[in-house]
Every structure is written in structure tokens, then in C-alpha cells.
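So the chains spell out like this:
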Amino acid sequence: MSDDETEQIIGNEEEDGIEIDRDKDEGAEDIQGDEEDHVEEEKIQPNPLSQELIADSLSLLCKTGDGLSHAYAQLDIHERELTNIDILKSFIHLRYVDISKNMLKDISALNYLTQLLTLKAEENLLTSAKLDEMPYLQVANFSHNKITTTEGINHPMLEHINLNHNNIQEVTGLEAGKLSRLHTLELRNNKLKSLEGINLPNLKNLFVASNLLKKIEGMSRLPGLNTIHLRENQIESLEGFSELQMNLQYINLRGNAIPNVREVTKLKVLPMLRAVVLSENPCAEEDDYRLETLIAIRTLERLDKDEYSPEERSEAEEIAEKRRAEEEEKAILEAQIMEEIELTEKTLREDFENAEDNFYAEGEETEHFESTLGENPAAPEF
């Protein structure tokens, strides 16, 4: 990993920290917010997109796909309280569309925009992100809606999709064959109980913080993963990562229920792991938390927000070497004890067999003597 990538990871974590505080505030207001949303939806007045607003919102004059003419490629109509965008069906040359922060429940008109490259549709009233297959769509943002399903997201050029802050309970319909270019999937603040439906071998970044996850699963189907954010869930065990994840370098598990540092040894299957966040877990309260984590995962460069110092690495190496020597000595001693036990058992077995043979030999001699007496009885003398 380059220094730039490392800085990006650190930057992501700091950004995540800010988002956690925001998420907690939003979580505390969920019930009240739902009630307010319901009331607000009842008060919504129809406000369709007009030709006049479109004319004021178009920009970026470009050649059309066939190269024979020019058309505006960018439309920004965010925060206009729009409820209907059906008029966009005739604007087939649009490539960059921002319809965020409106009151839209239906965006099917976008199916006619086959040249679309980026879509910003966050903060609307959508219950689905379903669109016809868009051949060129690369980036899509559907966060802060009311989406309940991941069905209908199969765009061959899609690289990044944001579904944060919705009502998704399970992931279904994401076809690896049609989403081979997807590298970043964001599903923060949903209601996920499982990761089983995420079967995307080329995915590099997965964000599933603030869900209802209790265990780590489905990792063998994500061999290309580089970064995974699992913070603010209910995870109690680090079991579940796969030796197939040869590129996984960063794991954020902040604010879960990992009970002790011993769990960290289950991350040994990840040969490229460089940074882990375990703060706000019970294990982070243990003595020598930092040192024991480094002893368990020697590839680590950073735990939580702090990089390991050369002194910590030296101490961890010394302790690890001492423990290895003790384990070897223990193994040798156990082997010697087992050898002595086996030798003793062998001796006892041989002694028993010899005693058994002697017993039967003596019995045969006695029978022979008694038989001889029976054939030639001696007459008594007077």
C-alpha cells in the first residue's frame, strides 16, 4: 500500500468518526422523524418539472453520442421541491443529472437517458433504486431515501453506488456478472442482518456500518475486498474472514461487542492486513490491548488512530519470540511425556502377555499330570 493510500484510509476513518456522531443523533430522532415525514408527505403539493426550470438548469454543451450535433449534457435541479420529472424523457443526451433533495417517488423517466454517467438522487422519497440497465452509468447516489430493496441495480459500467440511510433489510439481486466494475458499495445505516447476499468478487470497498449485523459472513465471496467498515453493529466474534481475501488491508470494527483480544488471532488469515479499528469494544479495555493485538497480527501498522512505534514492535517481537520458545519447549516436554507413557504402556502390555502365556502353560502341565494319574492309578499298600 502506498503512502497516499494509507493517508486515504486515515482520512476515511476520521470522516467516519464524524459520521458516527451524526448517525447517533439521527438514530435518536428516527421515530419522531418518521412521524414528521408521514405528515409532510400528506401535505406535498404536486410540483412537476417545467421547461422553464430545465432551461435555467442545463449546462455543459457537448457533442452528442453520434458526433453529429451538440446538446447540453448536465442538469442540476436539486432542492426544487419537485414531485414529477416525466418531462426528462425527451432529454436523452443528458449525462450528468442531479435531482437530489426533492420529493420524488418515481424516477422511471430516467430510463430514457441512456447516455447517463452520474446520477445524484439522494434525499428524495424513493422506495426503490430500480432502473433499466443503463449502459454507461458509473456513479449513483440514492442515500437518504426510503429504499427497501437492492433489486434492479444492474448497470455494467457502475463503479460506485451509495445506498446509505435507507430501509434495506437484505441484499438481493446484485449480479456479479453485470456489476463486474463495481468497486465501492455503501450501505450504512440500513437494517441489514446479514451480508450473505453480497456476491461481488471484484468489490474493493464495502461500507455497512450502523446496521444490525451480529456476525461476519460471506467473506469468501469477496476476495477482492481492500477495505471493510463494520462499525456500530452487534458483532461479537471475528470469525468469518477468509484466507481468500489476500488484499484486505483495513477493517473498521469500532463500536461492536468484541469481548477480548484473543478474538484478534482469527484475523491471521488475512496476510495483507495493515490497519484495524477496535475502539469502543470490550476488548479495547483490556490491559496490554495494543501490545497483544500486535503480537497476534504482526502485519499491523496501525491500531485505531495510532501507528505502532518501533519500540512497540521490538517489545512485541521479544514477547512473541519468548512465547514461541516456551511453546516449543512445552511441545518437546509433552512429546517426551507421551513417549514415556507409550513405553510404559508397551512394557505393561508385554508383561501382561508374558504372564498370560505362563498361566496357560502351567495349566496345560497340570492337566497333563492329572491325566497321567488317571491312566495309571497306584494301588494302595498296606
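Owing to the predicted nature of the structure, the values given are computational and were not obtained by experimental measurement. (Residues numbered from 1 in each chain as written. Predicted model: local features only at pLDDT ≥ 70, side-chain atom pairs only at ≥ 80, totals over all residues. Heavy atoms only, no water.)

K.L.:
Run through the confidence of the model for the protein chain, naming residues and quoting values.
P.N.:
Model confidence for the protein chain is summarised by a mean pLDDT of 87, while 82% of its residues fall at 70 or above. Low pLDDT, under 50, characterises residues 17-22; the stretch is placed with seven contacts to residues that sit more than four places away or in other chains. (pLDDT = per-residue confidence, 0-100. Contact = heavy atoms within 4.5 Å.)

K.L.:
Hey, could you go over helix 4 (residues 289-296) for me, with residue numbers and the actual values?
P.N.:
Most of helix 4 sits out of view: six of its eight residues are buried. Within helix 4, the full set of buried residues consists of Tyr-289, Leu-291, Thr-293, Leu-294, Ile-295 and Ala-296. (Buried < 20%, exposed > 50% of the residue type's maximum accessible area, 1.4 Å probe, protein only. Helix = DSSP H or I, 4+ residues; strand = E, 2+ residues; numbered from the N terminus.)

K.L.:
Describe the packing of aromatic side chains, with residues and values.
P.N.:
Overall, the coordinates contain zero aromatic pairs when judged by the stated rule. The positively charged end of Arg-290 is found above the aromatic ring belonging to Tyr-308, 4.4 Å away from the centroid. (Phe/Tyr/Trp six-rings, centres within 6.5 Å; stacked < 30°, edge-to-face > 60°. Lys NZ or Arg CZ within 6 Å of the ring centre and 35° of its normal.)

K.L.:
Describe unusual backbone geometry, and please don't skip the residues or the numbers.
P.N.:
Although it is not a glycine, Glu-79 adopts a positive phi angle of roughly 55°. Residue placement: Glu-79 occurs in the loop between strand 2 (70-76) and strand 3 (96-98). On the basis of relative accessible area, Glu-79 is assigned to the exposed category, the value being 52%. A positive phi is found at Glu-232, a non-glycine position, where the angle reads about 55°. Positionally, Glu-232 belongs in the loop between strand 9 (227-229) and strand 10 (250-252).

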